[in-house]
Number of protein chains: 2
Amino acid sequence: MTTRAAPIRRRATSYDVARSVGVAQSTVSRCFQDDSNISQATKDLVRDAALRLGYTPNALARSLITQRSNMIAVIVTRYTLRGNPDVIYAVGEALAASGKQLLLVPVEHDAPTIADLRVTLEYPLDGLISCVQIADIDLADIQVRGIPMVLFNRRSAGIPVDSVATRHFDAAGDIASRLHGAGHRRFLCMTGPADAPVSAARRDGFLGKLQELGVHDVQIIETDYSYDGGKAGFLAGLAPTALPDAVFCTNDQIAFGVMDAARFTLGLRIPDNVSVVGFDDVPEAGRPGYNLTTMQQDSVQMARLAVQLLLRRITAPEIAVENLQIAARFVARGSAQLAAK
Amino acid sequence: MTTRAAPIRRRATSYDVARSVGVAQSTVSRCFQDDSNISQATKDLVRDAALRLGYTPNALARSLITQRSNMIAVIVTRYTLRGNPDVIYAVGEALAASGKQLLLVPVEHDAPTIADLRVTLEYPLDGLISCVQIADIDLADIQVRGIPMVLFNRRSAGIPVDSVATRHFDAAGDIASRLHGAGHRRFLCMTGPADAPVSAARRDGFLGKLQELGVHDVQIIETDYSYDGGKAGFLAGLAPTALPDAVFCTNDQIAFGVMDAARFTLGLRIPDNVSVVGFDDVPEAGRPGYNLTTMQQDSVQMARLAVQLLLRRITAPEIAVENLQIAARFVARGSAQLAAK
DNA sequence: TTATAGCCCGCATTCGAATGCATTAAAAGC
DNA sequence: GCTTTTAATGCATTCGAATGCGGGCTATAA
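Source: prediction; values computed, not measured.

Visitor: Describe in detail the overall build of chain A, supporting the description with residues and values.
Guide: Broken down by element type, chain A carries 13 helices and 12 strands. For chain A, whose C-alpha radius of gyration is 26 Å, the value lies well above the compact-globule estimate of 20 Å for 341 residues. Along the longest, intermediate and shortest principal axes, the C-alpha atoms of chain A span 90 × 60 × 35 Å. The 341 residues of chain A split such that 51% are buried. For chain A, restricting intrachain contacts to residue pairs at least 6 apart in sequence, the fraction spanning at least 24 positions comes to 70%. When the accessible surface of chain A is split by element, carbon and sulfur atoms take 51% of a total near 15,000 Å².

Spelled out as structure tokens, the structure:
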């Protein structure tokens, strides 16, 4: 006896089901809704037939009439996925719990134009979460379309949009204070691309606090926010005359690159010869190989909050805009000298 | 002068545009298709009006009539995202290049039931890529619905489905040969969960080859496919009497955990006291902190192939099923003694 | 001038499900 | 037993765009 693949059948519609049990299409429709007036008897009958015919309501047709697609677009870059894979998972989980689908929109750079999103915006989205920077003019465009939106880890100065973000500026300032307090005076700041707002906020917070403390000449090296970038940038850009006391990296990946360059290429010891501090507290940071002193941002929690904000705005479009600011937590490990010298 | 938010307007439809220029709705529709017979004059007129009214074709309505949603579901677990974030990005990129949207479906375990996918399957998907295991009966169900499908890094024994997968079995056997050839005799195999088919294939390939070579008693420790799992599993499960010569881990994350446990907790030296080999060649493997000897699977390339297979099947449903087997490449680094003793 | 072809465009229908309103049947009230 | 209320179902329309077919208009040929 050979098993033969079942033939592909045309997808059954509510009409097919209706015909097969001798009721109206509207009756079938009502059997798949929770609150409708349907006798248990016909409900059983219809659902039974539906099962037999392999009928499933067509989400697209439903969306068309209900004006609700149940789709949430999430805009990310390659680095969002690499740096915070758990964020995407957490967002997906939270959305699924509310019956929403996650439309993942990968964009090349952390500042897409509206053209990059054109195809996606042709769908009547229920909402949108952006993990990348969007220009104010495009934010306005999206808002005019009536699409509820939440910004993740960034906010807009000009346009009122809900957002959830770490207190990058304050947290980076805190790092500056601690390093300065420990006696460090020659600083190096390793940043991501200048147009990446998260990195920029962290850099500005760090430099701002140092200014306050009277330190004005801080070397800055711009990288691409990656391990390789951090490593190469550190080796190439390092002023050969004077090694810095302390290096602040705007994310952990850069810090790992710097640490490996310092230890394995230059033969330095950390934190004896140089202190390194990162930002994010990704899992690797806590492992013995790096043992990185860093700032912890609870991105999974932030992801849940973002979804929560979005769902709230979908159901209540008129409520006041909220810009949640999440404090980061300093995690002292072994990569930086922090006791006063 | 205060800037005031533009009011939310109802989304313009093709009828709105038609009315505003005095043509029929069908004409508007044709102006947004490539091959239709429309004079350049009216096309310009209509597109101009569309721009003015903020009209965009409604992808949902279009899908309903064209029977093509342009949506591809990609099913992943938390570990897919963590271990291969670039895969998802590459898939998204390849799909976007073909005008498809990526519907990300996160599932809890690497063996979801059809019920976990119910909501997603209500959409008339153009196709589906599964990075998780799906039971044959459910695969059949999906095929009956006529949804083109590709399995990523796994295949089905019973159901003919396109797939792209690493030659896990052969590659793991290769590792076994090399370790055995170098004189190792006491082996430990650290695996992921038993129901994760990728891990199982790698384990079986490893054990199978050792059997051939006359090694029958290989210790096996099952973990959850993570760094922490590898570390804890190694420390807890290790036979206290005899340290293994060589440890094969079914992925790099486990290997990192094992290495850190061995070096930092047990004070062992790698590869002098014990050899460790991983699988995947994630970026961290090549960094000096681990310098892990491993098997490289080019998952980005595989992702592109998966999309290619899927698109091909969408346009030509009748062609023969293809099970692409991608050879892995052995990457000798410093975590394993490989010269014959 | 008339026949003929070709190009544009409009009309009407279609995709599949949801829903207001009308209708029928059953239950309750007197 | 007849009216009134209530519950269950059907009818018809709607969401927004795509498309086959037919008609009108222009251009070319006879």
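Visitor: Provide a residue-level description of the protein's contact with DNA strand D, including the pertinent values.
Guide: Contacts to DNA strand D come from 29 residues, most closely from Thr 27 and Ile 65 of chain A together with Ser 14, Ser 29 and Arg 62 of chain B. Taking Ala 24 of chain A, its main chain carries an N or O atom lying 2.9 Å from a phosphate oxygen of DNA strand D. Side-chain polar atom of Tyr 55 of chain B to a phosphate oxygen of DNA strand D: 3.0 Å apart, as the coordinates give it. Only helix 2 (25–31) and helix 4 (59–66) of chain A together with helix 1 (14–21), helix 2 (25–31) and helix 4 (59–66) of chain B provide two or more residues apiece to the surface near DNA strand D. Its residues assigned to classes, the surface near DNA strand D shows 10 nonpolar, 16 polar and three charged.

Visitor: If you had to explain the domain arrangement of chain A to someone new, which residues and values would you point to?
Guide: Residues and elements named next belong to chain A. For chain A, the assigned domains read domain 1 (14–57), domain 2 (70–166 + 299–326) and domain 3 (168–298). The C-alpha centroid of domain 3 is placed 29 Å from the C-alpha centroid of domain 2. Every contact between the two is made by 12 residues of domain 2 and, on the other side, 10 residues of domain 3. The three residues of domain 2 that bury the most area against domain 3 are Tyr 79, Asn 153 and Thr 166, which together make up 44% of that side's buried surface. Linking domain 2 with domain 3 are zero salt bridges, by the criterion used here. The interface formed by domain 2 and domain 3 includes eight residue pairs in polar contact (both at pLDDT 80 or more). Counting residues per element, the ones that place at least two in the side of domain 2 that touches domain 3 are helix 5 (78–83) and helix 13 (299–315). Considering every element that reaches the side of domain 2 that touches domain 3, the biggest residue donor is helix 13, with four residues. Of the residues that constitute the side of domain 2 that touches domain 3, the class distribution is three nonpolar, seven polar and two charged.

Visitor: Just give me the short version of the sheet that holds strand 9 (residues 275–277) of chain B, but keep the residues and values in it.
Guide: Hydrogen bonds along the backbone pair up the strands of a sheet, which may run parallel or antiparallel. All names here are of chain B. Strands sit in the order 7-6-8-9 across an open sheet of four strands; the sheet is parallel. Strands at the two margins of the open sheet, each flanked by one partner only, are strand 7 (219–222) and strand 9. Strand-to-strand twist in this sheet, taken as the mean axis angle between neighbours without regard to direction, amounts to 20°. Sheet topology note: the strand 6 (residues 187–191)/strand 8 (residues 246–249) ladder contains four bridges and is parallel. In the sheet register, Met 190 faces strand 8, and the bridge partner there is Cys 249.

Visitor: So what's going on with the interface of chain A and chain B? Residues and values would help.
Guide: Across the contact, 54 residues belong to chain A and 54 residues belong to chain B. Interface of chain A and chain B: buried area, both sides summed, is about 5,000 Å²; carbon and sulfur atoms make up 62% of it. One can count six salt bridges joining chain A with chain B. Counting across the chain A and chain B interface gives 16 residue pairs in polar contact (both at pLDDT 80 or more).

Visitor: Could you give an account of the side chain of Asp 280 of chain A, naming the residues involved and the relevant values?
Guide: Residues and elements named next belong to chain A. Tracing the backbone shows Asp 280 in the loop between strand 9 (275–277) and strand 10 (294–296). Exposure remark for Asp 280: the relative accessible area of 13% places this residue in the buried category. Within polar-contact distance, the side chain of Asp 280 engages the side chain of Arg 202 at 3.1 Å. Aside from chain neighbours lying at most four places away, what touches Asp 280 is Arg 202, Asn 251, Asp 252, Thr 294, Met 295, Gln 296 and Gln 297.

Visitor: How would you summarise the protein's contact with DNA strand C if you had to cite specific residues and measurements?
Guide: Within the structure, DNA strand C sits among 28 residues, and Ser 14, Ser 29 and Arg 62 of chain A together with Thr 27 and Thr 42 of chain B are positioned closest to it. Among all atoms of DNA strand C positioned within 4 Å of the protein, those belonging to sugar or phosphate total 61%. Here a phosphate oxygen of DNA strand C and a side-chain polar atom of Gln 33 of chain A are 2.9 Å apart. In the model, a phosphate oxygen of DNA strand C is placed 3.0 Å from a nitrogen or oxygen of the Ser 39 of chain B main chain. Those elements giving two or more residues to the surface near DNA strand C turn out to be helix 1 (14–21), helix 2 and helix 4 of chain A together with helix 2 and helix 4 of chain B. The residue makeup of the surface near DNA strand C, split by class, is 10 nonpolar, 15 polar and three charged.

Visitor: Can you lay out the packing of aromatic side chains for me, pointing to particular residues and giving the numbers?
Guide: On inspection of all chains with the given rule, the structure shows eight aromatic pairs over all chains. We note Arg 178 of chain B situated over the ring of Phe 330 of chain B; from NZ or CZ to the ring centre the distance is 4.1 Å. Across from the ring centre of Tyr 227 of chain A, 3.6 Å away, lies the NZ or CZ of Arg 287 of chain B, which sits over that ring.

Visitor: Let's hear about the sheet that holds strand 7 (residues 219–222) of chain A: which residues, and what values?
Guide: Residues and elements named next belong to chain A. Pairing within the open sheet is parallel, and its four strands lie in the order 7-6-8-9. Across the chains shown, the open sheet's two edge strands, defined by having one partner strand only, are strand 7 and strand 9. Strand after strand, the sheet turns through a mean of 20° between neighbouring axes, direction not considered. Note that strand 8 (residues 246–249) and strand 9 share three bridges and pair parallel. Each bridged residue has a counterpart across the sheet, and for Phe 248 the counterpart in strand 9 is Val 277. Against the sheet, helix 9 (residues 168–181) engages strand 6 (187–191), strand 8 and strand 9, with an angle of about 170° to strand 8.

Visitor: Let's hear about the relation of the copies chain A and chain B: which residues, and what values?
Guide: For the match of chain A to chain B, the screw axis carries a shift of 0.0 Å, the RMSD comes to 0.0 Å, and the turn is 180°. These values place the two chain copies in the arrangement generated by a two-fold rotation axis. The C-alpha atom lying nearest the rotation axis in chain A is that of Leu 103 of chain A; the distance is 2.3 Å. In this assembly the copies share their binding face: 100% of the residues contributing to the interface of chain A also contribute to that of chain B.

Visitor: Lay out the packing of helix 11 (residues 227–237) of chain B against helix 12 (residues 252–265) of chain B in plain terms, naming residues and giving numbers.
Guide: Angle between the axes and distance between the axes are the two parameters that describe a pair of packed helices. Residue and element names in this part refer to chain B. Interhelical geometry of helix 11 versus helix 12 gives an angle of 50° and a closest axis separation of 7 Å. Judged by the angle between their axes, helix 11 and helix 12 are oblique. Like other packed secondary-structure pairs, helix 11 and helix 12 cross with a definite hand, here right-handed. Two secondary-structure elements touch here, helix 11 through Tyr 227, Gly 230, Lys 231, Phe 234 and Leu 235 and helix 12 through Gln 253, Ile 254, Phe 256, Gly 257, Val 258, Asp 260, Ala 261, Ala 262 and Thr 265. A class-by-class count of the residues in the contact of helix 11 with helix 12 yields eight nonpolar, four polar and two charged.

Visitor: Which residues make up the pattern of salt bridges, and what are the values?
Guide: Counted by the stated rule, this structure contains 35 salt bridges over all chains. Glu 93 of chain B serves as the salt-bridge partner of Arg 78 of chain A, at 3.8 Å between the closest nitrogen and oxygen. Of this pair, Arg 78 of chain A sits in helix 5 while Glu 93 of chain B sits in helix 6 (residues 85–97), on two different chains. A residue is classified by how much of its surface remains accessible, and Glu 93 of chain B, at 30% relative accessible area, is partly exposed. Here Arg 62 of chain B ties to Glu 122 of chain A by a salt bridge, and the two come within 3.7 Å at their closest N and O atoms. Of this pair, Arg 62 of chain B sits in helix 4 while Glu 122 of chain A sits in the loop between helix 7 (118–121) and strand 3 (127–130), each in a different chain. When salt bridges that share partners are traced, they join Arg 10, Asp 16 and Arg 19 of chain A into one network.

Quick notes on the rules
For every chain, the first residue of the written sequence is number 1, and numbering continues from 1 onward in sequence order. All chains are assigned letters beginning with A, and all ligands numbers beginning with 1, in the order in which they are written. Whole-chain, interface and lining totals are the exception, using all residues; otherwise, since this is a predicted model, local features are given only for residues with pLDDT of at least 70 and side-chain atom pairs are given and counted only at 80 or more. With hydrogens and water excluded, all non-hydrogen atoms of the structure serve as input to the side-chain values. Helix numbering and strand numbering both begin at the N terminus, where a helix is a DSSP run of H or I of at least 4 residues and a strand a DSSP run of E of at least 2. As a reference, a globule follows 2.2 Å times the number of residues to the power 0.38, and the radius of gyration itself is taken over C-alpha atoms. Think of it in three bands: with a 1.4 Å probe and only protein chains considered, a residue is buried below 20% of the maximum accessible area for its type, exposed above 50%, and partly exposed in between. In what follows, a contact means two residues having at least one pair of non-hydrogen atoms within 4.5 Å. Only the protein chains shown count as covering a residue, and every accessible area follows the Shrake-Rupley method with a 1.4 Å probe. For this description, a residue counts as near a given molecule or strand if any of its non-hydrogen atoms is within 4 Å of it. By the criterion applied in these results, polar contacts are pairs of N or O atoms within 3.5 Å in which, for protein atoms, one can donate a hydrogen and the other can accept it, and in which residues neighboring in sequence qualify only through two side-chain atoms. Residue polarity follows a fixed list, in which Ala, Val, Leu, Ile, Met, Phe, Trp, Tyr, Cys and Pro are nonpolar, Asp, Glu, Lys and Arg are charged, and the others, Gly among them, are polar. The domain limits used here are those given by an automatic or database domain assignment. Values labelled buried area give the accessible surface lost by two parts on being combined, using a 1.4 Å probe and summing over both. Only one rule defines a salt bridge in this text: a Lys or Arg side-chain nitrogen within 4 Å of an Asp or Glu carboxyl oxygen. Strand pairing is defined by DSSP finding a minimum of two bridges between the two strands. Where helices are involved, their axes are fitted lines through C-alpha atoms of the stretch in contact, as for all axes, and angles between N-to-C directions lie from 0 to 180°. Here is the rule: rings of Phe, Tyr and Trp (six-membered ring for Trp) pair when centre to centre is within 6.5 Å. Planes less than 30 degrees apart are stacked, more than 60 are edge-to-face, and the remainder are tilted. Look at NZ for Lys and CZ for Arg. If either is within 6 Å of the ring centre and within 35 degrees of the ring normal, a charge sits over the ring. We place the copies in one frame by least squares, fitting the C-alpha atoms of every residue whose pLDDT is at least 70 in both. Geometric relationships in this document are graded by angle, where less than 35 degrees denotes roughly parallel, more than 145 denotes roughly antiparallel, 65 to 115 denotes roughly perpendicular, and other angles denote oblique. The crossing is said to be left-handed when, going from far helix to near helix, the turn is anticlockwise and less than a right angle, and right-handed when the turn is clockwise.

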